[in-house]
Amino acid sequence: MDEIVSKLAGVGLPAIVLLITMASTGLAGAAAITAALAMLGPGGMVGGIVLLGIIGLASDALTKYGLTALLQGIYEERRRRGESLQNLCREIDGLPITNELKLVIRNHIGCSR
């Protein structure tokens, strides 16, 4: 059951993004799809299709591992690659997430406060 939910989320979120973008074009039918894809990605329609694929992969990862684990892994990897702890901590403070989640991520990578 979890695998089905994960796959549906991977398909559903890009579809919602496309529908919202289509609605903002003011067009209908194939013209709306074409305009929406061109608006979404750099490089026109192909870029829009690629962006929707990336959104699908990201939403699949979020449903599989959870936001906390995903953010911890991203910041841990960036710290390992040599980014300064001060810059990472400042970036985490600016994220549009709850203060509790910020605290968990900050503690995971070793930010002091």
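**Side note on the overall build of the protein chain**
Link 1 in the chain: Each helix and strand in the protein chain was counted, giving six helices and zero strands.
Link 2 in the chain: Moving toward the C terminus, one meets the helices and strands of the protein chain in the order α-α-α-α-α-α.
Link 3 in the chain: Against the 2.2 N^0.38 benchmark of 13 Å for 113 residues, the protein chain shows a C-alpha radius of gyration of 18 Å, more extended than a compact globule.
Link 4 in the chain: Dimensions of the protein chain along its principal axes, counting C-alpha atoms only, are 55 × 35 × 25 Å.
Link 5 in the chain: For the protein chain, the residues scored as buried account for 28% of the 113 residues in total.
Link 6 in the chain: A separation threshold of at least 6 residues defines the contact pool for the protein chain, and within that pool the share at least 24 residues apart is 38%.
Link 7 in the chain: With an accessible surface of roughly 7,400 Å², the protein chain has 66% of that area assigned to carbon and sulfur atoms.
Link 8 in the chain: Between the mean site of the 10 positive side-chain charges and the mean site of the 9 negative ones, the protein chain shows a separation of 7 Å.

**Side note on the state of the cysteines**
Link 1 in the chain: For the structure shown, the criterion picks out one disulfide.
Link 2 in the chain: The partner cysteine of Cys89 in its disulfide is Cys111, sulfur to sulfur 1.7 Å. The S-S bond linking Cys89 to Cys111 shows a torsion near -100°; that makes this disulfide left-handed. Of the two residues, Cys89 is situated in helix 5 (residues 85-93) and Cys111 in the segment after helix 6 (99-109); the sequence distance between them amounts to 22 residues.

Rules of the game
- Residues numbered from 1 in each chain as written.
- Predicted model: local features only at pLDDT ≥ 70, side-chain atom pairs only at ≥ 80, totals over all residues.
- Heavy atoms only, no water.
- Helix = DSSP H or I, 4+ residues; strand = E, 2+ residues; numbered from the N terminus.
- Rg over C-alpha atoms; globule rule 2.2 N^0.38 Å.
- Buried < 20%, exposed > 50% of the residue type's maximum accessible area, 1.4 Å probe, protein only.
- Contact = heavy atoms within 4.5 Å.
- Areas by Shrake-Rupley, 256 points an atom, 1.4 Å probe, with all protein chains shown as cover.
- Lys, Arg positive; Asp, Glu negative; His and termini not counted.
- Charge placed at Lys NZ, Arg CZ, Asp CG, Glu CD.
- Disulfide = S-S within 2.5 Å.

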